[in-house]
Each structure stands twice: as structure tokens, then as C-alpha cells.
Amino acid sequence: MTFFDEQTKKNRTKRMTIIEFFILIEYTHNQYVSQEVIIKLKKLVLGKIYLLHFLIFWIYYYVVIELRNFVKNIRSYKPGKPIEEVVRELGIKEEIIKLSSNENPLGPSPKAVQSIKEKIKDINIYPDNNCFYLKKKLGEKFNIQSDNITVGSGSVELIELIFKAYVNPGDEVIMSDPSFIMYRIACQIFGGKRIAIPLKNYAHDIETITKTINEKTKIIILDNPINPTGAIITKDKFNYFVEKVPENVILVVDEAYREYIKNENYPNAIDYLKEHENIIILHTFSKIYGLAGLRVGYGFSSTDIIAALMKVSLPFNVNRISQIAATAALDDDEFVRKSYESNEAGKKFLYKELEQLNLQYTPTYGNFILVHLEREAKGVFQAAQKRGVILRTILEYGLPNSLRITIGTPQQNKKLIEVLKTII
Ligand SMILES: Cc1ncc(COP(=O)(O)O)c(C=O)c1O
């Protein structure tokens, strides 16, 4: 058993002591109590309990494969329920609306779909490991060199790679609480020490975050806008903050919903890249481009950071079809415009209807709205699901009385409100 580390050995010793304790009880009974009584007792309870315990310990000792200590306490990421699962569980026949994962309700970019049709025959060939054409297109669009760009299997992969490359056990990682749940999970996987700063009025508390930075801080990771509240860091706050982050601390700015924002107060983190080599900016094709099912995210940073992320990524992490579709989607300005406009119109409609229903919400910059109820959200979630509308409870974000609702198409939004009217 030389391959077990010290902690594993200690844990096993603890369990052995408990097993020995049971053996001792057994032994004592044999010494001082008559054989007859022991047999009776054993038959009644002890035998069963002892056997049961012995069995449990035997299984635990010999059969259970122990997890790494960092991984033991991780609560897995719970995505919004897939439509197929709800159909299976509830046997619903009518059309189901999924407003739980902030996908694009208009579907995928038509240009991306067309490109897939044309290139599907090539899937016997491994993809380009360097995503050459996709990076080239991204470089042209954002005026950035290819070696300052990385592409991942969704931006969640890039989040994981950042932690994988930079976080040693015990390094401090500052994030808001709540913010996108994958930051917490990635931090736990790599043994980072999560420093969670509570939101202030549902927005990042930039002052407290700034004060919290110390010599142990390795990463600060902020979503802008925040999932699940939809609030942004404004340009003036961002200007102030960026200057306070030391050069040896990585600042990750996750702009997954950036295309939904046309507001001069919203900072474009790319503008800060030249002056600040420690910034990583994350974008995704999962939201406005409608390619969540293909898993493509990308990041911008200094050449050193990009090279470090490449070192720890698996080969061919972005598949051939995803690269082709994402490259085509970047040309689909018409689809992006339509999606933006639909989101804006849906937002206005939902604000008005939610107000009529006397429901509180946090004004959003994303494609989702955080709605606050005066009771646990789970009941409303379940009732809506039975009526064919999948919403998102966010208990794991520490908001048991709130629902996160993706802004849908006009028909979906109308159905959502009809359903809410019957429940609230
Ligand atoms: C803030 C934020 N970042 C990243 C992601 C994940 O995006 P991707 O699909 O690119 O992994 C999400 C998804 O909901 C998100 O809300």
C-alpha cells in the first residue's frame, strides 16, 4: 500500500480502531457472560448489529475508493433541467419551455448551422489543436494577436484551466458570493482557499474585494454581469479596481453575456489588456450566438498566460464542428442583432408583467432575470414545471427565495406569465 499518502493512511487507521472496538466487545462478551446468554443476545440484536457494522466497515475499508481530500466536499454543478428529463419525469405532452440555463431562445446562429451541414462529412479527422481559423477570426474581430487568444470547450473549461495552471493548495481566490458557481467548484478541485465576498445590493462589492487582496491572493474572478443577479461593474468602478490589483494577481473577468449589453457604463475589459498583462477575459458562444450545445468559449490575455493555459489543456479540446460553427457564427451580425433586440423587448415585457404580479426583481444586464419571492422558490419552480415551464431555483447560490428566469421569445414570455399567474 505504498501508493497511499499520509492522510489516507491516517484515515484508514481511524477506521481500523473502530473495527477493533467491535472485536473487543465481542471478546468481552465471550469472557464474562454465559455462552447461552451470548447466543441469545447475538440472535436478538448484537449479532445483527455486529454483522452489519462489520459488513459496513469491511465494505468501506476494502471496497470504497477514497476521493482526494479536496474533492470530498464538492457539491456537483447542477445545470438547469434538460427538456428530455422533464418530459420523462412528468410525462408532459404539451410543448415544454426551458428558461433555466440562459440559452438563446431564438435557437442557434443560422450561419453556424449552415457551416455544420457543409462540413459534417469531415468528422473522421481530428480537429485543429490550435483552432487556427477561429483564433484568426477572433483576432480580426477584436483586434488581438492569435497568441493572446485561447479557446476552450465552453468558457467553463477555461475557468478550470486557469485554476489548474495557477492555483496551489492554499492559494487565496477572491470571488463574490453568489457568483457563477463554477468558480467555487474549480477552486475546490485544486485546493484553493475561496475568499467569498458577499454581494452588496446584488452587485460586486468592489471596495471590500479591493481591501481583501493580500500577499496570498492568487486570483480574483468576477463575472460581469453577474450570474445570477445580472448586475454589472460600472466603468468607473472597474477603472478604480484594475489599478488596485497587483501585477502578480490574476484578474479574471468573465463577460459571458457581454453581447447583450449596449451601455456606455459597461467597461470593455479588452481595453485594459495592453496595460495589464495579468487580466484574463472570458467570452462564450453559448449565449447570444446560440451554440451552448457545441461548447465553445474563448479567452484573451497576455502571451505568457495563454501559453500556461495551453500547457494544461487536453489535446483537441475543441471539436472540429464546434470550431467551424463558431467561426461562421462570428459573421452572423444579423442573428446577434435580432437576439439582442428580442432580449431587450422580452426584458421590458417581463419587467412590466412582474410588476403587475407584485413580484420583486433585480434589473438585469444579461438574458435572465432574478425574481425574488416572499417564500421558498422551490414550490413555484415545481408548479411551473408541471405546467411545462422549466425555471431555475438557485438554492446553491444561497438564494432559496429567488428564481432565475431566462428571457424567452415573446410567446415563451407570455406563457411564463400565464403560468406564474396561476401559481403566485
Ligand atoms: C457567468 C458565466 N460564465 C460562464 C458560463 C458558462 O459558459 P460556457 O457555456 O461557455 O461554458 C456561464 C453559463 O451560464 C455563465 O453564466
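Just above, that's the structure.
Quick summary incoming for the structure in this document.

## Details of the overall build of the protein
Next, step 1: Per the secondary structure count, the protein includes 15 helices and 13 strands.
Next, step 2: Counting across all 424 residues of the protein, residues that qualify as buried make up 36%.
Next, step 3: Once local pairs closer than 6 in sequence are excluded, the contacts in the protein between residues at least 24 apart make up 76%.

## Focus on the nonpolar core
Next, step 1: In terms of nonpolar packing, the biggest core is built from 63 residues, with Ile162, Val252 and Leu291 touching the most fellow members.
Next, step 2: No other element matches helix H7 (residues 155-166), which puts 6 residues into this core.
Next, step 3: In this structure leucine 291 touches Pro108, Ser109, Ala112, Phe285, Ser286, Val296, Ala325, Ala326 and Ala329, once residues within four positions along its chain are discounted.
Next, step 4: Core analysis: the next-biggest nonpolar cluster, separate from the first, contains 21 residues, Ile369, Leu370, Val371 and Val419 among them.

## Description of the site of the ligand
Next, step 1: As a matter of local geometry, the ligand sits amid 13 residues, with Gly154, Ser155, Asn227, Thr284 and Ser286 nearest to it.
Next, step 2: A breakdown of the residues in the shell around the ligand according to their chemical character gives 4 nonpolar, 7 polar and 2 charged.

## A short note on H7
Next, step 1: Compared with the 16 Å implied by 1.5 Å per residue over 12 residues, the 17 Å span of H7 between its first and last C-alpha is a close match.
Next, step 2: Taking burial as the measure, the 12 residues of H7 include 9 buried ones, the bulk of the element.
Next, step 3: Within the span of H7, buried status applies to Ser155, Val156, Glu157, Leu158, Ile159, Glu160, Leu161, Ile162 and Phe163.

## A closer look at the sheet that holds strand S13 (residues 399-406)
Next, step 1: Judged by pairing direction, the sheet is antiparallel, and its 4 strands sit side by side in the order S9-S10-S13-S12 without closing on themselves. The open sheet terminates on both sides in strands that have one partner only, identified here as strand S9 (360-362) and strand S12 (392-394). Going from strand to strand, the sheet's axes swing by 35 degrees on average, the running direction of each strand aside.
Next, step 2: As paired strands, strand S10 (residues 368-372) and S13 are joined by 5 bridges and run antiparallel to one another. Looking at S13, one finds that leucine 370 is bridged to arginine 404.

## Some thoughts on the environment of glutamate 247
Next, step 1: With respect to the helices and strands, the residue glutamate 247 is situated in the loop between helix H10 (235-244) and strand S6 (250-254).
Next, step 2: Residues glutamate 247 and asparagine 278, 31 residues apart in the sequence, show an inter-C-alpha distance of 6.0 Å.

## A look at the pairing of strand S4 (residues 193-198)
Next, step 1: Looking at chain direction, strand S3 (residues 172-177) and S4 are connected through 6 bridges and run parallel. Bridge pairing in S4 places valine 173 opposite arginine 194.

## Here's the deal with the packing of helix H6 (residues 132-142) against helix H12 (residues 320-329)
Next, step 1: At a closest axis distance of 9 Å, the pairing of H6 and H12 adopts a crossing angle of 20 degrees. In terms of orientation, H6 and H12 fall into the roughly parallel class. The crossing of H6 and H12 is left-handed. For the pair H6 and H12, the contacting residues are Tyr133, Leu134 and Lys137 in the first and Gln323, Ala326 and Thr327 in the second.
Next, step 2: Of the residues that constitute the contact of H6 with H12, the class distribution is 3 nonpolar, 2 polar and 1 charged.

## Some words on the sheet that holds strand S7 (residues 279-284)
Next, step 1: Strand order in this open sheet of 7 strands is S2-S8-S7-S6-S5-S3-S4, and the pairing throughout is mixed. The open sheet has two free edges, formed respectively by strand S2 (149-152) and S4, since each of these has just one partner strand. Across the sheet, the mean angle from the axis of one strand to that of its neighbour is 20 degrees, orientation sign disregarded.
Next, step 2: Bridge count for strand S5 (residues 217-223) against S6 is 5 bridges, and the pairing is parallel. Paired with isoleucine 221 across the bridge in S6 is valine 252.

## A few points about H6
Helical geometry note: an α-helix holds 3.6 residues per turn, so side chains three or four residues apart project in the same direction.
Next, step 1: When we look at burial in H6, the residues that qualify are Leu134, Lys135 and Leu138. Axial view of H6: buried residues confined to an arc of 95 degrees, hence all on one face. Exposed residues pointing more than 90 degrees away from the buried face of H6 are listed as Phe132 and Glu140.
Next, step 2: Looking at the buried side of H6, the elements it contacts are S2, strand S8 (297-300) and H12.

## Description of the pairing of S2
Next, step 1: Of the two faces of S2, the one carrying Ile149 and Val151 and the one carrying Thr150 and Gly152 are both buried.
Next, step 2: As paired elements, S2 and S8 share 4 bridges and run antiparallel to each other. Bridge pairing links glycine 152 to glycine 297 in S8.

How each quantity is defined
Residue indices follow the written sequence of each chain, beginning from 1 at its first position. Whole-chain, interface and lining totals are the exception, using all residues; otherwise, since this is a predicted model, local features are given only for residues with pLDDT of at least 70 and side-chain atom pairs are given and counted only at 80 or more. Labels follow the DSSP assignment, with helices taken as runs of H or I lasting at least four residues and strands as runs of E lasting at least two, numbered in each case from the N terminus. Labels follow a simple rule on C-beta atoms placed from the backbone: if 20 or more others lie within 10 Å of a residue's own, it is buried; if 12 or fewer, it is exposed; otherwise it is partly exposed. Once C-beta atoms are placed from the backbone, any two residues with those atoms within 7 Å are in contact. By convention the nonpolar core is taken to be a set of buried residues drawn from Ala, Val, Leu, Ile, Met, Phe, Trp, Tyr and Cys and joined through C-beta atoms within 7 Å. For each residue, a C-beta position is placed from the backbone atoms; the residue is near a molecule or strand when that point lies within 6 Å of it. In this classification, the charged set is Asp, Glu, Lys and Arg, the nonpolar set is Ala, Val, Leu, Ile, Met, Phe, Trp, Tyr, Cys and Pro, and all remaining amino acids, among them Gly, are polar. Take the residue count of a helix, subtract one, and multiply by 1.5 Å to get its expected span. Whether two strands pair depends on DSSP finding at least two bridges between them. Throughout, an axis means a line fitted to C-alpha atoms (over the contacting stretch in the case of helices), and angles, computed between N-to-C directions, take values from 0 to 180 degrees. In this scheme, roughly parallel covers angles under 35 degrees and roughly antiparallel covers those over 145, while 65 to 115 is roughly perpendicular and the rest are oblique. By convention the crossing between two helices is left-handed if the near helix lies anticlockwise of the far one by an angle smaller than a right angle, and right-handed if it lies clockwise. What the arc covers is the set of directions going from the helix axis to the C-beta atoms.

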